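# Structure at a glance
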Amino acid sequence: MENGNTENTEKPAQNGGAPPQNGNGEMCMSLNAVNKWYGEFHVLRDINLEVCTGEKLVVCGPSGSGKSTLIRCINRLEEHQEGRISVNGIELNDDLKHIDEVRREVGMVFQHFNLFPHLTVLQNLTLAPIWVRKTPKNEAEEMAMHFLKRVKIPEQAAKYPGQLSGGQQQRVAIARSLCMKPKVMLFDEPTSALDPEMIKEVLDVMVELAREGMTMLCVTHEMGFARTVADRVIFMDEGQIVEENNPEDFFNNPQNDRTKLFLSQILSH
Amino acid sequence: MHADTVVSDPLIQKPRIAAAVLTAAFAAFFFLNFADTSFGRMLAETTGGGDSFARAGAALALALLFVGNLVLISFFPVRIQIIAVWLELAALFAAFFLVFDLNAMFIQSKLWFLISRGLTTTLYVSAAAISIAFVIAVAGAIAKLSGNGFAVAIASFYTSFFRGLPLLMQVYLIYLGLPQLGFVVGAVPAGIAALSLCYGAYMTEIFRAGIESIPKGQWEASRAVGLRFGAIMRRIILPQAAPVVIPPTGNQFIAMLKDSSLVSVIGVWELMFLSRTLGTKTFQHMEMLITVAVIYWILTMALEVVQARIEGHYRARR
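From a predicted model like this one, the values you see are computed outputs, not experimental measurements.

Cut-offs and rules
- Residues numbered from 1 in each chain as written.
- Chains lettered and ligands numbered in written order.
- Predicted model: local features only at pLDDT ≥ 70, side-chain atom pairs only at ≥ 80, totals over all residues.
- Heavy atoms only, no water.
- Helix = DSSP H or I, 4+ residues; strand = E, 2+ residues; numbered from the N terminus.
- Rg over C-alpha atoms; globule rule 2.2 N^0.38 Å.
- Buried < 20%, exposed > 50% of the residue type's maximum accessible area, 1.4 Å probe, protein only.
- Contact = heavy atoms within 4.5 Å.
- Areas by Shrake-Rupley, 256 points an atom, 1.4 Å probe, with all protein chains shown as cover.
- Lys, Arg positive; Asp, Glu negative; His and termini not counted.
- Charge placed at Lys NZ, Arg CZ, Asp CG, Glu CD.
- Pairing = 2+ DSSP bridges.
- Axes fitted to C-alpha atoms, helices over the stretch in contact; angles between N-to-C directions.
- Left-handed = near helix turned anticlockwise from the far one by under 90°.
- Phe/Tyr/Trp six-rings, centres within 6.5 Å; stacked < 30°, edge-to-face > 60°.
- Buried area = accessible area lost by both parts, 1.4 Å probe.
- Salt bridge = Lys/Arg side-chain N within 4 Å of Asp/Glu carboxyl O.
- Polar contact = N/O pair within 3.5 Å; in protein donor to acceptor, adjacent residues only side chain to side chain.
- Nonpolar A, V, L, I, M, F, W, Y, C, P; charged D, E, K, R; others polar.
- pLDDT = per-residue confidence, 0-100.

### Things to note about the overall build of chain B
- In terms of regular secondary structure, chain B is built from 12 helices and 0 strands.
- Along the chain direction, N to C, the helices and strands of chain B fall in the order α-α-α-α-α-α-α-α-α-α-α-α.
- For chain B, the C-alpha radius of gyration of 27 Å lies well beyond 20 Å, the compact-globule estimate for 318 residues.
- For the C-alpha atoms alone, the extent of chain B along its principal axes is close to 85 × 60 × 30 Å.
- Classification of the 318 residues of chain B by burial places 35% in the buried group.
- Of the contacts formed within chain B by residues at least 6 apart in sequence, a portion of 73% connects residues at least 24 apart.
- Carbon and sulfur atoms provide 71% of the accessible area of chain B, an area that totals close to 18,600 Å².
- Across chain B, 22 positive and 15 negative side-chain charges occur, with their mean positions spaced 14 Å apart.

### Side note on the sheet that holds strand β2 (residues 41-52) of chain A
All names here are of chain A.
- One open sheet accounts for 4 strands, arranged β2-β1-β4-β5; its pairing is antiparallel. Each end of this open sheet is capped by a strand with a single partner; those strands are β2 and β5 (90-91).
- Here strand β1 (residues 27-38) pairs with strand β4 (residues 82-87) via 5 bridges, running antiparallel. Across the sheet, the residue bridging to L31 is I85, located in β4.
- Against the sheet, helix α1 (residues 67-74) engages β1, β2 and β4, with an angle of about 120° to β1.

### Thoughts on the environment of A139 of chain B
All names here are of chain B.
- Within the secondary structure, A139 is located in helix α5 (residues 104-146).
- On the accessibility criterion, A139 (46% relative accessible area) is partly exposed.
- Measuring from C-alpha to C-alpha, the distance between A139 and F207 comes to 9.4 Å, with 68 residues separating the pair along the chain.

### Overview of the sheet that holds strand β9 (residues 232-237) of chain A
Residue and element names in this part refer to chain A.
- Across the sheet, 6 strands lie side by side as β6-β7-β8-β3-β9-β10; this open sheet has mixed pairing. Taken across any chain shown, the strands that pair with only one partner, and hence form the sheet edges, are β6 (106-109) and β10 (240-245). In this sheet, neighbouring strand axes are inclined to one another by 20° on average, regardless of whether the strands run parallel or antiparallel.
- Pairing geometry for strand β7 (residues 184-188) and strand β8 (residues 215-219), over 5 bridges, is parallel. From the neighbouring strand, L186 faces β8, where its bridge partner is L217.
- Most of the contacts of helix α2 (residues 96-105) go to β6, to which it runs at about 65°, and overall it touches β6 and β7.
- Packing against the sheet, helix α5 (residues 166-178) makes contact with β6 and β7, and its axis sits at approximately 170° to β6.

### Some remarks on the pairing of β9 of chain A
Residue and element names in this part refer to chain A.
- Counting buried positions along β9 gives 6 out of 6 residues, so the element sits mostly inside the fold.
- Side chains R232, I234 and M236 of β9 all project onto a buried face; the interleaved residues V233, F235 and D237 project onto the opposite face, where all are buried too.
- Here strand β3 (residues 56-60) runs beside β9; their pairing, made up of 4 bridges, is parallel. What sits directly across from V59, in β9, is I234.
- Judged from the 5 bridges that link them, β9 and β10 form a sheet pairing that is antiparallel. In the strand pairing of β10, V233 is matched with N245.

### Here's the deal with the packing of helix α9 (residues 216-224) of chain B against helix α10 (residues 229-259) of chain B
Residues and elements named next belong to chain B.
- For the pair α9 and α10, interaxial distance at closest approach is 10 Å and the crossing angle is 145°. With respect to the hand of their crossing, α9 and α10 are arranged in right-handed fashion. Within the contact between the two elements, α9 uses Q218, W219, S222 and R223 and α10 uses F229, I232, M233, I236, I237 and Q240.

### A word on the packing of aromatic side chains
- Summed over the entire model, instances satisfying the criterion amount to 14 aromatic pairs over all chains.
- Relative to F251 of chain A, the ring of F250 of chain A has its centre 5.2 Å away and its plane inclined at 90°; by these criteria the two rings are edge-to-face. Here the two residues F250 of chain A and F251 of chain A agree in accessibility, since each one is buried.
- When the ring of W269 of chain B is compared with that of F273 of chain B, the centres are 6.0 Å apart and the planes differ by 25°; the resulting orientation is stacked.
- A relative accessible area of 17% means that F273 of chain B is categorised as buried.
- Site record: aromatic cluster; members linked through ring pairs are F93, F96, F97 and W297 of chain B.

### Considering the interface of chain B and chain A
- Residue-level contacts link 17 residues of chain B with 22 residues of chain A.
- Buried area between chain B and chain A, summed over both chains or domains, comes out near 1,800 Å², and the portion from carbon and sulfur atoms is 60%.
- At the junction of chain B and chain A, the tally comes to 2 salt bridges.
- Two residues, D100 of chain A and R228 of chain B, come together in a salt bridge whose shortest N-O distance is 2.3 Å.
- In this assembly, chain B and chain A are joined by 6 residue pairs in polar contact (both at pLDDT 80 or more).
- Breaking the side of chain B that touches chain A down by element, the ones donating at least two residues are α9 and α10 of chain B.
- Split into classes, the residues belonging to the side of chain B that touches chain A amount to 6 nonpolar, 5 polar and 6 charged.

### Regarding the confidence of the model for chain A
- For chain A, the average pLDDT comes to 88, and 90% of its residues sit at 70 or higher.
- In this model, residues 1-23 of chain A is a region of pLDDT below 50 whose contacts with residues beyond four sequence positions or in other chains number 46 contacts.

### Considering the pattern of salt bridges
- All told, the structure shown has 20 salt bridges over all chains when counted by the stated rule.
- Notably, a salt bridge pairs R171 of chain A with E201 of chain A, separated by 2.9 Å at the nearest N-O pair. Taken as a pair, R171 of chain A in helix α5 and E201 of chain A in helix α6 (residues 196-211) lie far apart in primary sequence, 30 residues in all.
- Residues joined by salt bridges that share partners form a network here, namely K36, R72 and E78 of chain A together with E220 of chain B.

### Side note on the environment of R45 of chain A
All names here are of chain A.
- Note on placement: R45 falls in strand β2.
- Residues R45 and Q240, 195 residues apart in the sequence, show an inter-C-alpha distance of 5.3 Å.
- The residues touching R45, leaving out its near neighbours within four places in the chain, are V34, N35, E238, G239 and Q240.
- Among the polar contacts made by the side chain of R45, one reaches the main-chain carbonyl oxygen of E238 at a distance of 3.0 Å.

### Looking at the confidence of the model for chain B
- Averaged over every residue, the pLDDT of chain B is 89; the share at 70 or more is 98%.
- For this predicted complex, the interface score ipTM comes out at 0.87, while the overall pTM is 0.80.

Pasting the structure below:
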């Protein structure tokens, strides 16, 4: 299988691309010359990215660099205007069927959890399996309890999201996504809204998920997480992927000036 | 409002304030001139003073009574204060109604008919109209927010038209206008149609605001798990909009209950119609008007209780 970066070699700071270590080589997601504008503002500039099944990518970069927009394009929460995005061989275009299919394959975890406050934790987890996958209720509940155990809060099943701590809510959100049995998980700054102590409990769940072989695309500033889990780290600035490397080289030997500046800023404390 | 933790004595217990209120009350009562009331005449007779003495005396007595009452009540806990003031105001109203020297026998003889015919019609018309208005409002709100040109245009034209005309005119237009097009409608269906179209327009705006009050993260999370529009609306957005929408919708229902009196002009035998017709023969208009007023009032109080219950239900789930 072709390496993800060979076609971007004209970009100055692309570091040759690290071969995926954990992936089994099967292509899971590909973005091809993707461009997106918000009105006049060019948010995504010529993004090329290929992700193999089982691979873990960490996307970082300064705020406003387009990293959230990038992963939100992958499940069509945002629309791209140019280029091709395909997930599991399904191309994302205006065909609503494709969008529905992709959304079923792709789970997403948000910065602000976005749990449904009027439903209990259990109902939050069973809603989509019941109404999208048409899973029978008792089966959906069994599965929900299974995933709640995996994120280590089965005892909170009957509570409402508002009664849980931030870390617990985010773990419920992860479990909610997992209940749809996604092939890919997208994380949009999952720990940015959490207290320091709660960050760990969420990251632990994410690390475990990574170990089980989930394909993950994660926008985060948790550099420790990136070091231990990521197969590749992507650095974005002004809508472009300016650097892409394995975590080892990315942190120890950054090539791009913007990357060096960014790393010196966030690692200086 | 959130109460301050600093608790001060009730204002009325401060001598200066009490004196000021007393003066103001005296001036007001003096201006209103109670000398010619039974109380004033009694005062003039017992003290032997003249008319102006009676006027001042009555005003002073009433002012003292008023301020004394305020001071007395201010010493009780808030709950009791509220109940006491309610009872006093209710007594004043009752006294006001008694002035008309109503014929209780006449009221009694008509009351059952007022309830069995008038009240049931009023309730039936209002309930039917609010149910239809509810459906219109959900559809209208979704249409207005849809971004579909036709839907937005139709919905906004509808709300503009039905909020722009007086309800009375809409009642006439539907009852007298539709037959011109070849549709002859009965008075009751015409009344229900007018009420539901008018209130549907107001409620469309309420529902639109309710739907818009749900943060976009809820939409995104629902879409991310693969839910489609219909399911998102039914399972996620509307249940969360409900607590926002219910207080103003309750208000609308209470308002509609009374506006249903407007369909009396096309001959529907509801409360208002009966109140105007039942007393005509014997010129006992006041009896019927006041009885029906009381029925409307009791009805709205009952509805307020129901509304509070529903609001409480949603608050408990938070």
